[in-house]
Structures are given as C-alpha cells and as structure tokens.
Amino acid sequence: MSVTAGSGSSWLLRLAPSAVPPEPACPPETLAVAERPLGPGPVGWAVEVARDMAAHIVRQVPEHGTPGAYPPFRRAVEATVLTALRGLATEPEPTEALVAPEAVAGNAELARRNIPLDRVLRGVRLGHAYLHARLMEALDKEPVETRAQETHRISRLLFVYADVQASRLAEEYVAERDRWRRSTEAARRRTVDDLLAGRLIGGAVAARTLGYELARHHVAFILTSGSQDTSADELRYLAAELCRAVGGEGLLAVSAGATELWAWACWPAEPAPGALTRLPAQVPERRPLRAALGPVGYGVEGFRRSHRGAREAERVARLGRTGWLCDYADISTAALLTADAEHARWFAARVLGALGADDPRVRELRETLRVYLAEGRSPQGAAERLFVARNTVTYRVRRAMELLGRPLEQDALELRMALEVARLLGPG
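This one's a predicted model, so the numbers in the text were calculated from it and none came from an experiment.

Quick notes on the rules
- Residues numbered from 1 in each chain as written.
- Predicted model: local features only at pLDDT ≥ 70, side-chain atom pairs only at ≥ 80, totals over all residues.
- Heavy atoms only, no water.
- Helix = DSSP H or I, 4+ residues; strand = E, 2+ residues; numbered from the N terminus.
- Buried < 20%, exposed > 50% of the residue type's maximum accessible area, 1.4 Å probe, protein only.
- Areas by Shrake-Rupley, 256 points an atom, 1.4 Å probe, with all protein chains shown as cover.
- Lys, Arg positive; Asp, Glu negative; His and termini not counted.
- Charge placed at Lys NZ, Arg CZ, Asp CG, Glu CD.
- Contact = heavy atoms within 4.5 Å.
- Expected span 1.5 Å × (residues − 1).
- Salt bridge = Lys/Arg side-chain N within 4 Å of Asp/Glu carboxyl O.
- Phe/Tyr/Trp six-rings, centres within 6.5 Å; stacked < 30°, edge-to-face > 60°.
- Core = buried A, V, L, I, M, F, W, Y, C linked by side-chain atoms within 4.5 Å.
- pLDDT = per-residue confidence, 0-100.
- Bend = angle between axes of the 7 residues up to and from the residue.
- Pairing = 2+ DSSP bridges.
- Axes fitted to C-alpha atoms, helices over the stretch in contact; angles between N-to-C directions.
- Parallel < 35°, antiparallel > 145°, perpendicular 65-115°, else oblique.
- Left-handed = near helix turned anticlockwise from the far one by under 90°.

**Quick notes on the overall build of the protein**
Tallying secondary structure elements over the protein gives 17 helices and six strands in all. The C-alpha extent of the protein, read off along each of the three principal axes, is 75 × 60 × 35 Å. Counting only residues that meet the buried cut, the protein has 49% of its 428 residues in that class. If you sum the accessible surface of the protein, you get close to 20400 Å²; carbon and sulfur atoms cover 53% of it. Across the protein, 56 positive and 53 negative side-chain charges occur, with their mean positions spaced 3 Å apart.

What follows is the structure in structure tokens.
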C-alpha cells in the first residue's frame, strides 16, 4: 500500500532533477521502493543531489575516497537521500530501522578500511547539512505560506533523522571494527597497508602474516567489478588465473572492498620477456570484471611500486578507453598526463584545435597520426600496426595535418602528448 505526502508536503512530489539525472548507484529495487510514494521526479532529484553530496563530503573528508573508487560510499549516500526524502513525505516514526541498509553496509566498509569513527560521523553531519541546504533551496521557490509551514518541519525532521543515523552507524561501526580486527584477513590487510605506506616492518614477520615471500620479483593486480552481484570468490578466481598465466610461483590476494581485490604474483627470478604482454590473449575477458596491472619490481619496494603502478592503471582505465585489462606499461605516460583529467582535456583541446573534434572520422585521423608518430613517422610501420594500406596512412596523415593547421616539426612533443590524452579521455 503506497503512502502519499500530506497537503503541506506535496511540494516534495514536485521535485525534479535540473538535467538528465546521473546513472543511479542503487539497485532498481531500491529505486522502485522510493518511487511508490514519491514518483520518478523526486527520485531523479535525489539521485542528482546524492551525486553532488558524495563529491561534497569527499572534498571535506578525503578519507572516504572518491565515489568512483569506492562505489559502496556513493550507494550509501544515494540510499540515505532517498530514505530521508521518503521520510519527509510520509513522516514515519524515526527509529533505527529508518537507516538505509546501504548506509549500514557502506559504514561497515569504512570500518574495514580503518577510517576513524569521528571522520565517518563528520561525513554524516556534512551530508545532512548539504541535504538541508538543497531542500531549502527548492523550498524557496514555493509560495510564502508553504515556506512558512514547511521550513521548521523539514529542519526538525532532518535533525532527528541525522541523530538516529549517527547513533546507528556508530554502533554498527564499533561492532564491525571489532569483528574485522579479530579476523585473519584484517591482520593481512594491516600488513599490506604498512608495506604500501612504506612503514618499517620486519620482512620475516610480514611474510609469515601474509603467507607470501617478499624477497622476490612481484607484479601487482587490482581487480574490480562493475556489478554489486560479483562475489569475492569470482575476483579471487580471476587473480589465480592471472597468476597462472604469467607463470607466478606465489599469489597474495587481499580484499579491498565489496567489489575490489588487490593481488600480487611473484617469481624467484625476473619473469621472461613477454610474460605480461601475452596476458590479454591468455586470459579471456570476463565482464563486468576488470584488471589493472602494475610493473614488475623486486622486494618490498617493488611490491609497493607495482601496486602503485596498478592503481594508476586502474585510474586511467576508469577515465578513458582501455580494454578490460589495463597494463601500466601501456599507459605510464598517459598516467602522468592525466593526473588532472580536466587540465589534460584543456591541454589537448588547445594543442589539437580542429583535430580534437568529437567526430568518428576525426578520431580515426587522430589515431592514425598518433601511431604514425609513434612509429618514427614511418607510413609502413603505421600501416602494419593499423592493418591498413600504406597509402591510407599517408592520406590520413595529410588530412590530419590540414586540420591541425601547422607542420609536424612545430611542438612535436606537445602534439604527441595531446594525441595520447585525446585517445584516453576523448575530446575536450
């Protein structure tokens, strides 16, 4: 049985997103529950506000990580906004049962990542303050009598909801943190975190805790999934398959979240040339799973550097157009160029001019010019890499230069960097 908003709060049912709402983070069933009392307009508004709220919280409390990197956080924020909007429209009894399950799950993830409780609760306070401001902004567009009636009610209820949520999340956080600290996985994760942070830790102690030899050559993988239905076993199975494909003689895998796994494969001697470049051909694509691959390194420092490279590969893969397996060796230059993605796009747009247009034909010209330059300006080399005729390469390069409007000798390095940015991030 659906519940409708009272006459005073009917303005909530007129809320709508300012543009096409972003892709929801919550599953369809959660959105459907909210749509029954609210309708699609307010739900779209909530999804849009949740996206902005998540970004606002991360700016103030960076420990939450980016919403893109930690999907449970974005989902928790969105579910909280939807639940609060339903509560404001229907005014249920404010109990702990009102806290969205997604918020509880996201809170548990923060506990497992060892984010301090005070930072978690600061995120809750920031979120509710942001939601209050956005609701007041919407209420300001209503008639005077509606504003007078609703301003106090909205402020009072949001305060109660925030207090209830903070209390529930604090209790759940402490319980989850205690469970996590008692687990073997937690000990392994703490050791990995210490190694990655460069903290001094005895190699023998670390190896015993991890069950993994550190005085070897390592390659790191970061495995992620675009689906919340992916099990931890699926990620671990892919890690084992990648380890076998590169001929690794040891495997370490630790959970980094509901849909993320960190893994390392190792060898007593440096792997044979080509062991990593053959991976895409040896391991079949398994969407929605994705893998990012770091460079080979030796010892504790190599363990850390390879993971850092894999993290950069994972970041670039999220930004741009890479396959399901992104190798740091293929994007190392792009990783440096795209550390600030917005700045990188501005740079590419300035350097490329008309050659940076968002058009399939122009994209083909850009790629041909990029490969031509990478092949030392060899039309034959570019033709072989692109699987086209040499004359086709010559023609496309000429057309690309016409759009560029200047000779190749001018700012050649900037041109190559701009082409690489455009390949990964798209046009500015």
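**Looking at the side chain of Thr-224**
Along the polypeptide, Thr-224 turns up in strand S1 (residues 217-225). Given a relative accessible area of 14%, Thr-224 falls into the buried group. If we ignore the near neighbours within four places in the chain, the residues touching Thr-224 are Leu-235, Thr-259, Glu-260, Pro-288, Leu-289, Arg-290 and Glu-314.

**As for the side chain of Glu-176**
For Glu-176, the position within the fold is in helix H6 (residues 144-182). The buried category is assigned to Glu-176, whose relative accessible area is 12%. Other than its neighbours up to four places away in sequence, Glu-176 contacts Ala-108, Ala-111 and Arg-112.

**Things to note about helix H7 (residues 184-196)**
The end-to-end C-alpha distance of H7 is 19 Å, a good match for the 18 Å that 13 residues give at a rise of 1.5 Å each. Here H7 has its buried residues at Glu-185, Ala-186, Arg-188, Arg-189, Thr-191, Val-192, Leu-195 and Leu-196. Buried residues in H7 make contact with H6, helix H8 (203-210), helix H9 (232-245), strand S2 (250-255), strand S3 (260-267) and helix H11 (299-319). Backbone geometry just after H7 places Gly-198 at a positive phi near 75 degrees.

**Side note on the pattern of salt bridges**
As enumerated under the stated definition, the model contains 32 salt bridges in all. Across the salt bridge formed by Arg-236 and Glu-185, the nearest N and O atoms sit 3.7 Å from each other. With Arg-236 in helix H9 and Glu-185 in helix H7, this pair connects stretches of sequence that are 51 residues apart. The residue Arg-396 makes a salt bridge to Glu-364 at a minimum N-O spacing of 3.2 Å. Of this pair, Arg-396 sits in helix H16 (residues 390-404) while Glu-364 sits in helix H14 (residues 360-374), and the two are 32 residues apart along the sequence. In this structure Glu-364 comes out as partly exposed when scored by relative accessible area, which is 29%.

**A word on the packing of aromatic side chains**
For the structure shown, the criterion picks out two aromatic pairs. Where Tyr-212 meets Phe-303, the ring centres are 6.3 Å apart and the plane angle is 55 degrees; that geometry is what we call tilted. Of the two residues, Tyr-212 sits in the loop between H8 and S1 while Phe-303 sits in helix H11, which places them 91 residues apart along the sequence. An identical accessibility class is assigned to Tyr-212 and Phe-303; each is buried. For the ring pair Trp-264 and Phe-303, a centre distance of 4.2 Å and an interplane angle of 10 degrees mean the geometry is stacked. Taken together, the residues span a long stretch of sequence, with Trp-264 in strand S3 and Phe-303 in helix H11 at a distance of 39 residues.

**A short note on the nonpolar core**
One recurring pattern in soluble globular proteins is that nonpolar side chains are buried together. Counting residues in each nonpolar core, the largest one holds 53 residues, and the members touching the most others are Trp-264, Leu-355 and Leu-369. Per-element accounting of this core gives the leading share, seven residues, to helix H17 (residues 412-425). When near neighbours in sequence (up to four residues on either side) are disregarded, Trp-264 contacts Val-192, Leu-196, Tyr-212, His-218, Val-219, Ala-220, Gly-250, Leu-251, Leu-252, Val-254, Phe-303 and His-307. Among the nonpolar cores identified, the runner-up in size contains 46 residues, and Val-58, Phe-73, Val-124 and Ala-138 belong to it.

**Thoughts on the confidence of the model for the protein**
Taken residue by residue, the protein gives an average pLDDT of 86. The fraction at 70 or more is 95%. Put simply, helix H10 (residues 279-282) is where the protein has its lowest mean pLDDT, 78, and S1 is where it has its highest, 94. Under a pLDDT of 50 for its full length, residues 1-6 has, in the predicted model, eight contacts with residues more than four places off or in other chains.

**Describing H6**
In this model, H6 (39 residues) spans 56 Å end to end at C-alpha, consistent with the 57 Å of a helix rising 1.5 Å per residue. Taking the largest bend as the criterion, H6 deviates by roughly 35 degrees, centred on Glu-150.

**As for the environment of Ala-339**
Structurally, Ala-339 can be placed in the loop between helix H12 (328-337) and helix H13 (341-352). Exposure remark for Ala-339: the relative accessible area of 63% places this residue in the exposed category. Sequence separation between Ala-339 and Glu-312 is 27 residues; the distance between their C-alpha atoms is 8.9 Å.

**Quick word on the pairing of S3**
Burial runs high along S3: eight of the eight residues are buried. Pairing analysis gives eight bridges linking S1 to S3, with the strands arranged antiparallel. Its bridge partner being in S3, Phe-221 is matched across the sheet by Ala-263. With six bridges joining them, S2 and S3 adopt antiparallel strand pairing. Residue pairing in the sheet places Val-254 in a bridge with Trp-262 of S3.

**A few points about the packing of helix H3 (residues 71-90) against helix H4 (residues 101-112)**
Axis separation between H3 and H4 bottoms out at 7 Å; the angle between their running directions is 150 degrees. Between H3 and H4, the angle is such that the two are roughly antiparallel. Our pair here, H3 against H4, has a crossing hand that is left-handed. Contacts between H3 and H4 involve Pro-72, Arg-75, Ala-76, Ala-79 and Thr-80 from the first element and Glu-102, Ala-103 and Gly-106 from the second.

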